[in-house]
Amino acid sequence: MKKTTSIFLSLILCIFTLICPLRAFAIDSQTKLDNIIKAYPEECSVIIYTEDDGTIYSHNADSRLYSASVIKLSYAVYVCKQIEQGIYSLDDTMIYTVDWDGEGGSGIIQYEPYGTSYTVRELLDYSLRYSDNVAYFMLTYLFDRNGFNEMVREWGSDFSISYDSAFTDIDAEFMKKSMLEMYTHRNDAECWEVCWEALMNSDTSLVRNMLSNYDIAVKYGSMDGVYHEVCYVDSDTPYILVILSSMYDPGENGRLIRNIALYADDFVKEHYADRKKELDSSRLKNTINEYVGFLSDGLSNMNNEQKRKADVNGDGVINSDDVNLILSYYSYVSSGGTLSQKEFFASYQLI
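Residues numbered from 1 in each chain as written. Predicted model: local features only at pLDDT ≥ 70, side-chain atom pairs only at ≥ 80, totals over all residues. Heavy atoms only, no water.

S.K.: How do you make sense of the overall build of the protein when you look at a structure like this?
M.R.: Scanning the protein from N- to C-terminus turns up 13 helices and nine strands. For the protein, buried positions account for 44% of its 351 residues. Partitioning the contacts of the protein with sequence separation of at least 6, the portion at a separation of at least 24 is 58%. Counting only carbon and sulfur atoms, one obtains 50% of the accessible surface of the protein, whose full area is about 18,700 Å². (Helix = DSSP H or I, 4+ residues; strand = E, 2+ residues; numbered from the N terminus. Buried < 20%, exposed > 50% of the residue type's maximum accessible area, 1.4 Å probe, protein only. Contact = heavy atoms within 4.5 Å. Areas by Shrake-Rupley, 256 points an atom, 1.4 Å probe, with all protein chains shown as cover.)

This is how it looks when you write it as structure tokens:
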């Protein structure tokens, strides 16, 4: 009897597995992200941020870690704000002299001859594209370090750089704000455009290597014991990804960055798979409201023929009902519909 029962239960389990495929037991992207972070031996920080929903994933966002070169992104934001206020310009120059010798590390200016002149435009580009230390130090002396610290405090943080050190401790939340600020203003003026172009073509990024089908703006930071990437990922649903690590083992840091990049992208896709209809509805409503405002403002300038055409449902009032119907027609056409506007509305017995 026990053997028969065991066979019966085995058959039930097999049938259940066939009816309910492995999808029911699949690990979702959030769990994968959590597991990757738990497996990392030291402290790390992660943020995934989207414009629609804000921060949708966060781990140790307020924990301080040494900035390495990601602070150059934040300082570039400060420089752009200063230029917009008329404090120096992209064409102002600085000379690479022996005084900057020993400020090497990453970058290319350290290998150039003394006496070479660089514009602010070039210093911004080198600082972000090649993470050039000399370019960064030259900018911090030209544009001041105390002013940068004031901007940091205005953002609600208390980090600071000094004339003894142009680097400091930062956290993931601060770096998210830095990338968001740069993205928000990327088309505002030439200084922002120079920075954004450099970030889109920065010379090092593990995240970009893993997500090569996207355009990605990246500022990385690397020193003994840390490797960071702060990224804007231009996917179907764009997002900011901040990953800060703190191990002396480059292999462990690289593994953390690569795995989080993959699962963060899956996480965003899964998040918006559930949110898509809600967001589409919200955006359509906003579009309708804007259209209604335009029609209301322009009614006095419409002739009778235009008013007749705008009053799609023929109720004598031009309002959101008409806009809904007009947008429905445009949606119908974009999906391959072939009826004319008149035929479409007639099919709904509107005219």
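S.K.: I keep staring at the environment of Ser 165 and nothing clicks. Help me out?
M.R.: Mapped onto the secondary structure, Ser 165 falls in the loop between α6 (146-154) and β6 (169-170). Residues Ser 165 and Phe 137 lie 28 residues apart in sequence; the distance between their C-alpha atoms is 9.4 Å. Within the structure, the side chain of Ser 165 is placed 3.2 Å from the backbone oxygen of Phe 167, a separation counted as a polar contact. (Polar contact = N/O pair within 3.5 Å; in protein donor to acceptor, adjacent residues only side chain to side chain.)

S.K.: What is the right way to read helix α4 (residues 120-129) from this model?
M.R.: Residues spaced three or four apart along an α-helix face the same direction, because each turn holds 3.6 residues. Along α4, eight of the ten residues are buried, which leaves the element largely enclosed by surrounding structure. Every buried residue belonging to α4 is among Val 120, Leu 123, Leu 124, Asp 125, Tyr 126, Ser 127, Leu 128 and Arg 129, and all of these are buried. Check the buried side of α4 and you find it contacts α3 (71-84), β4 (93-96), β5 (116-119), α5 (133-143), α8 (190-200) and β7 (215-223). Just past α4, the residue Ser 131 takes up positive phi, approximately 50°.

S.K.: Whenever I open this one, the sheet that holds strand β1 (residues 45-50) confuses me. Can you help?
M.R.: Across a sheet, paired strands are connected by hydrogen bonds in the backbone, their directions being either parallel or antiparallel. Read from one edge to the other, the open sheet built from five strands follows the order β2-β1-β9-β8-β7, with strand pairing classed as antiparallel. Every other strand in the sheet has two partners, leaving β2 (54-59) and β7 as the edge strands with one partner each. Between one strand axis and the next, the sheet turns through 10° on average, direction left out of account. The pairing of β1 with strand β9 (residues 239-244) spans five bridges and is classified as antiparallel. Bridging from a neighbouring strand, Val 46 pairs with Ile 243 of β9. Against the sheet, helix α7 (residues 172-184) contacts β1, β2, β7, β8 (226-234) and β9, and its axis sits at roughly 145° relative to β9. (Pairing = 2+ DSSP bridges. Axes fitted to C-alpha atoms, helices over the stretch in contact; angles between N-to-C directions.)

S.K.: Looking at this structure, I do not really get empty space enclosed by the protein. What am I missing?
M.R.: To find leftover empty space, one rolls a probe the size of a water molecule over the atoms. All chains considered together, the criterion is met by one cavity of 30 Å³ or more. As for the largest cavity, its lining consists of Lys 72, Tyr 75, Ala 76, Val 79, Leu 124, Ser 127, Leu 128, Tyr 136 and Leu 139. Elements with a minimum of two residues in the lining of the largest cavity: α3, α4 and α5. Among the elements that line the lining of the largest cavity, the one with the most residues is α3, at four residues. (1 Å grid on protein atoms, 1.4 Å probe; cavity = no way out; pocket = protein on both sides within 12 Å on 5 of 7 lines; lining within 4 Å. Points joined across faces, edges and corners; volume = space filled by probe spheres on them.)

S.K.: Is there a simple way to explain α6 in this structure?
M.R.: Of the residues making up α6, those classed as buried are Gly 147, Phe 148, Asn 149, Met 151 and Val 152. In this structure, the buried residues of α6 make contact with α3 and α7.

S.K.: Would you take a moment to explain the nonpolar core for this structure?
M.R.: It is characteristic of soluble globular proteins that their nonpolar side chains tend to be buried jointly. Core analysis: the biggest nonpolar cluster contains 61 residues, and Tyr 75, Val 120, Leu 124, Phe 143 and Met 182 have the highest contact counts within it. Element by element, the count of residues in this core is highest for α3, at nine residues. Core analysis: the next-biggest nonpolar cluster, separate from the first, contains 30 residues, Tyr 40, Ile 48, Ile 216 and Tyr 272 among them. (Core = buried A, V, L, I, M, F, W, Y, C linked by side-chain atoms within 4.5 Å.)

S.K.: How do you make sense of the side chain of Gln 82 when you look at a structure like this?
M.R.: Residue position: Gln 82 is located in helix α3. Beyond its immediate sequence surroundings of up to four residues, Gln 82 is in contact with Ile 87 and Phe 143.

S.K.: Looking at this model, I keep getting lost on the pairing of β2. Mind explaining?
M.R.: Along any regular strand the residues' side chains alternate between the sheet's two faces. Inspection of the sheet shows β1 paired to β2 by five bridges, in the antiparallel sense. Counted as the bridge partner of Ile 48 is Tyr 57 from β2. The hairpin turn running from β1 into β2, its antiparallel successor, is three residues long.

S.K.: Quick question: what am I supposed to make of the packing of aromatic side chains here?
M.R.: Geometrically, a pair of aromatic rings is defined through the distance of the ring centres and the angle of the planes. Scanning the model with the defined rule gives 21 aromatic pairs in all. Pairing Tyr 136 with Phe 137 gives two aromatic rings, centres 5.8 Å apart and planes at 35°, and the pair type is tilted. Accessibility classification places Tyr 136 together with Phe 137 in one group, the buried group. Taken together, the ring pairs in this structure connect Tyr 66, Tyr 75, Tyr 78, Tyr 136, Phe 137, Phe 148 and Phe 167 into an aromatic cluster. (Phe/Tyr/Trp six-rings, centres within 6.5 Å; stacked < 30°, edge-to-face > 60°.)

S.K.: Explanation requested: the confidence of the model for the protein in the structure shown.
M.R.: Averaged over all residues, the pLDDT of the protein is 83; the fraction at 70 or higher stands at 76%. Residue range residues 1-25 is modelled with pLDDT below 50. Its contacts to residues more than four positions away, or to other chains, number two contacts. (pLDDT = per-residue confidence, 0-100.)

S.K.: Looking at this model, I keep getting lost on the pattern of salt bridges. Mind explaining?
M.R.: Here the structure, examined in full by the defined rule, presents eight salt bridges. Among the salt bridges present, the one from Asp 125 reaches Arg 129, with a minimum N-O distance of 2.8 Å. Note that Asp 125 and Arg 129 are positioned in helix α4 at a spacing of four residues, about one turn of the helix. In this structure, Asp 265 and Lys 269 form a salt bridge, with 3.3 Å as the shortest nitrogen-oxygen distance. Here Asp 265 pairs with Lys 269, and both are found in helix α10 (residues 250-298), just four residues apart, close to one helical turn. (Salt bridge = Lys/Arg side-chain N within 4 Å of Asp/Glu carboxyl O.)

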